[in-house]
Amino acid sequence: MTLYQPFLDYAIALLRDRLDLQPYPIPTGFESKSALVGKGKHQEEVLTTSTAFSAPKLRQIRAAHVQGGKSLQVLNFVIFPHLNYDLPFFGADLVTLPGGHLIALDMQPLFRDNAAYQQKYTQPILPIFTAYQQHLPWGGDFPEEARPFFSPAFLWTRPQQDEAVETHVFAAFKDYLQAYLNFVDQAQPVTDSHSLADIEQAQLRYLRYRSEKDPARGMFTRFYGTEWTEEYIHGFLFDLERKLAAVN
Ligand code: DBV
């Protein structure tokens, strides 16, 4: 069992329980990919597996799970709502590298500085955020340009111990995901054309930022090469532009 497998198992079980999940296509060759990395007794298999679903209000629910031994574990899990909902993205980036753990967990807002939006989608999360702050303190250094894409309830932390990940981070992940599904339950479709245009712009802004700045690009390129990596990023991980191009 690897560090983030229980997170993924929990998420899928909860989603199945609460949503009408449908399969979401994963491009051929991207469901599972492995490479041998390192030399001699340091050689490790690095396996990346993908999981994806859709649901009535959610365009894409997807996970990328990287397993490369004790000092390389990643679960990147994102939910992209359909473009006729003002729902935030659910974003989890759970990363274990030789230097330690790096945890990012948030309901990433479409409209960061809109007071009504914050009232609707951040206020209810603040008590959860605050409850975990004492065990999971602010992780420090953080790219300034990424700030617009995170809410005031952004849990950003770099725990030293595996145990903190297995206990506090796992508990926070469960609480955030449950709270997100409560938002999904309540969400009503947006029909006003101005609001719909704003949502599409905000989704594209987020998606372009993430696909351009994907912090995993270097790692994937080293393991699997440029061609595979770029196709994985644009054709699966952050696929909205491709999907929009396909219908227009
Ligand atoms: N990050 C991804 C995907 C990953 C992934 C799809 C499947 O978006 C992994 C893999 N994140 C990953 C790895 C690292 C990070 C770091 C491997 C370490 C990179 C390294 O140190 O070499 C949140 N993730 C990070 C960082 C942040 C995030 C802020 C530190 C990056 C830095 O310091 O430059 N989540 C990430 C992020 C956004 C988000 C940037 C922006 C909206 O939602």
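Residues numbered from 1 in each chain as written. Predicted model: local features only at pLDDT ≥ 70, side-chain atom pairs only at ≥ 80, totals over all residues. Heavy atoms only, no water.

Naming follows an unreviewed UniProt entry, where the protein appears as Phycoerythrobilin:ferredoxin oxidoreductase of Dendronalium phyllosphericum CENA369. In its Function (unreviewed entry) section, the UniProt entry covering the protein states "Catalyzes the two-electron reduction of the C2 and C3(1) diene system of 15,16-dihydrobiliverdin." Looking at the protein in UniProt, the text filed under Catalytic activity (unreviewed entry) is "(3Z)-phycoerythrobilin + oxidized 2[4Fe-4S]-[ferredoxin] = 15,16-dihydrobiliverdin + reduced 2[4Fe-4S]-[ferredoxin] + 2 H(+)". (UniProt positions renumbered as here; feature names shortened; annotations may be inferred.)

Draft legend 1. Spotlight on the site of the ligand. Lining the immediate surroundings of the ligand are 23 residues, of which Asn76, Asp93, Gln108, Arg210 and Asp214 lie closest. Within the side chain of glutamine 108, a nitrogen or oxygen atom sits 3.1 Å from an oxygen atom of the ligand. Note that an oxygen atom of the ligand is positioned 2.5 Å from one of the side-chain N or O atoms of arginine 210. For the ligand, whose unbound accessible area comes to 870 Å², protein coverage reaches 80%. Only strand S5 (73–81), strand S6 (89–97), strand S7 (100–108), helix H5 (193–213) and helix H6 (217–224) provide two or more residues apiece to the shell around the ligand. Each residue belonging to the shell around the ligand can be placed in one class, and the counts come to 18 nonpolar, 2 polar and 3 charged. (Near = heavy atom within 4 Å. Polar contact = N/O pair within 3.5 Å; in protein donor to acceptor, adjacent residues only side chain to side chain. Areas by Shrake-Rupley, 256 points an atom, 1.4 Å probe, with all protein chains shown as cover. Helix = DSSP H or I, 4+ residues; strand = E, 2+ residues; numbered from the N terminus. Nonpolar A, V, L, I, M, F, W, Y, C, P; charged D, E, K, R; others polar.)

Draft legend 2. Representation of the side chain of histidine 65 within the structure. Locating histidine 65 in the fold gives a position in strand S4 (residues 58–67). Exposure remark for histidine 65: the relative accessible area of 1% places this residue in the buried category. Ignoring sequence-local partners within four residues, the contact set of histidine 65 consists of Thr2, Tyr4, Gln5, Leu8, Leu47, Thr48, Thr49, Gln73, Val74 and Leu75. (Buried < 20%, exposed > 50% of the residue type's maximum accessible area, 1.4 Å probe, protein only. Contact = heavy atoms within 4.5 Å.)

Draft legend 3. Region of interest: the nonpolar core. Among the nonpolar cores identified, the biggest contains 91 residues, and Ile61, Phe77, Phe90 and Tyr176 are the most heavily contacted of them. It is helix H4 (residues 162–186) that contributes the most residues to this core, 12 residues altogether. For phenylalanine 90, the residues in contact, after removing those within four places along its chain, are Phe77, Val78, Ile79, Leu105, Asp106, Phe173, Tyr176, Leu177 and Tyr180. (Core = buried A, V, L, I, M, F, W, Y, C linked by side-chain atoms within 4.5 Å.)

Draft legend 4. Fine view of the pairing of S5. Among the 9 residues in S5, 9 count as buried, and that is most of the element. Residues Gln73, Leu75, Phe77, Ile79 and Pro81 line one face of S5 and the alternating positions Val74, Asn76, Val78 and Phe80 line the opposite face, and both faces are buried. Pairing between S4 and S5: 9 bridges, direction antiparallel. Across the sheet, valine 66 pairs through a bridge with valine 74, a residue of S5. Looking at chain direction, S5 and S6 are connected through 7 bridges and run antiparallel. Bridging from a neighbouring strand, valine 78 pairs with glycine 91 of S6. (Pairing = 2+ DSSP bridges.)

Draft legend 5. Looking closely at the packing of H5 against helix H8 (residues 240–247). Closest axis-to-axis distance for the H5/H8 pair is 10 Å, and the angle between their directions is 130 degrees. In terms of orientation, H5 and H8 fall into the oblique class. Between H5 and H8, the residues in contact are Glu200, Gln203, Leu204, Leu207 and Arg208 and Leu240, Glu241 and Leu244, respectively. The residue makeup of the contact of H5 with H8, split by class, is 4 nonpolar, 1 polar and 3 charged. (Axes fitted to C-alpha atoms, helices over the stretch in contact; angles between N-to-C directions. Parallel < 35°, antiparallel > 145°, perpendicular 65-115°, else oblique.)

Draft legend 6. Examining the pairing of strand S3 (residues 44–55) more closely. Bridge count between strand S1 (residues 22–23) and S3: 2 bridges; the pairing is antiparallel. Following the sheet pairing, glutamine 22 is matched in S3 by serine 54. Of the pairings in the sheet, the one linking strand S2 (residues 32–37) to S3 comprises 6 bridges and is antiparallel in character. Counterpart to leucine 36 in the pairing with S3 is glutamate 45. The antiparallel pairing of S2 with S3 creates a hairpin that spans 6 residues between the two strands, and glycine 38 there sits at a positive phi of about 90 degrees. Bridge count for S3 against S4 is 8 bridges, and the pairing is antiparallel. Bridging from a neighbouring strand, threonine 48 pairs with valine 66 of S4. Between S3 and the antiparallel strand that follows it, S4, lie 2 residues.

Draft legend 7. Examining H6 more closely. The complete set of buried residues in H6 reads Met219, Phe220, Phe223 and Tyr224. With its buried residues spanning 95 degrees around the axis, H6 presents them on a single face. Among the structural elements, S2, S3, S4, S5 and helix H7 (226–237) are those in contact with the buried residues of H6. Directly beyond the C-terminal end of H6, a positive phi value near 90 degrees is found at glycine 225. (Arc of directions from axis to C-beta.)

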